[in-house]
Amino acid sequence: MSRKRPQNTPVLAALPEEQAFAEVVEMIQTARGKALAAVNTELIDLYWRIGEYISRKLETATWGEGVVEALARYIQRTTRTSGDSPGPTSSGCASSSRPIRGMKKSRRW
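In this text the structure is predicted, and so the values were computed from the model without any measurement. (Residues numbered from 1 in each chain as written. Predicted model: local features only at pLDDT ≥ 70, side-chain atom pairs only at ≥ 80, totals over all residues. Heavy atoms only, no water.)

**A short note on the pattern of salt bridges**
Scanning the entire structure with this criterion turns up three salt bridges. The salt bridge involving Arg49 is made with Asp45; its shortest N-O contact spans 3.1 Å. In this pair, Arg49 and Asp45 both sit in helix 1 (residues 16-59), four residues apart, roughly one turn of the helix. Judged by relative accessible area, Arg49 falls into the partly exposed class, the value being 43%. The residue Arg56 makes a salt bridge to Glu52 at a minimum N-O spacing of 3.9 Å. Separated by four residues within a single helix, Arg56 and Glu52 lie in helix 1, roughly one turn from each other. Look at Arg56 and you get partly exposed, because its relative accessible area is 44%. Among the charged side chains, a salt-bridge network with shared partners connects Glu42, Asp45 and Arg49. (Salt bridge = Lys/Arg side-chain N within 4 Å of Asp/Glu carboxyl O. Helix = DSSP H or I, 4+ residues; strand = E, 2+ residues; numbered from the N terminus. Buried < 20%, exposed > 50% of the residue type's maximum accessible area, 1.4 Å probe, protein only.)

**With respect to helix 1**
In this model helix 1 runs 65 Å from its N-terminal to its C-terminal C-alpha over 44 residues, within 8% of the 64 Å that 1.5 Å per residue would give. A positive backbone phi angle near 60° is found at Ala61, which sits one or two residues after helix 1. (Expected span 1.5 Å × (residues − 1).)

Distances and angles like these do not, on their own, reveal function.
See below:
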């Protein structure tokens, strides 16, 4: 059961300070949104470059079977810091070595 404001009680206007505070919060939220978009853009570019690099190595037979899994283990081992969260395989998510349901696993990867 929700409580309603009595009919004769006026709505209090926001204090001038609260309006200014709200503007600051809006600036923070806008900056966070822009920062997240920039980070996402950079990460997508990185993933494309990594994929291209791996594809070139596989096409030229520089790398063979199983190297992608070995690379993933190497990256996890060498890039973790004490503040990092667990990777996808340690958090219970599907391992990158298993295909996603409904998708074929690439023979080259």
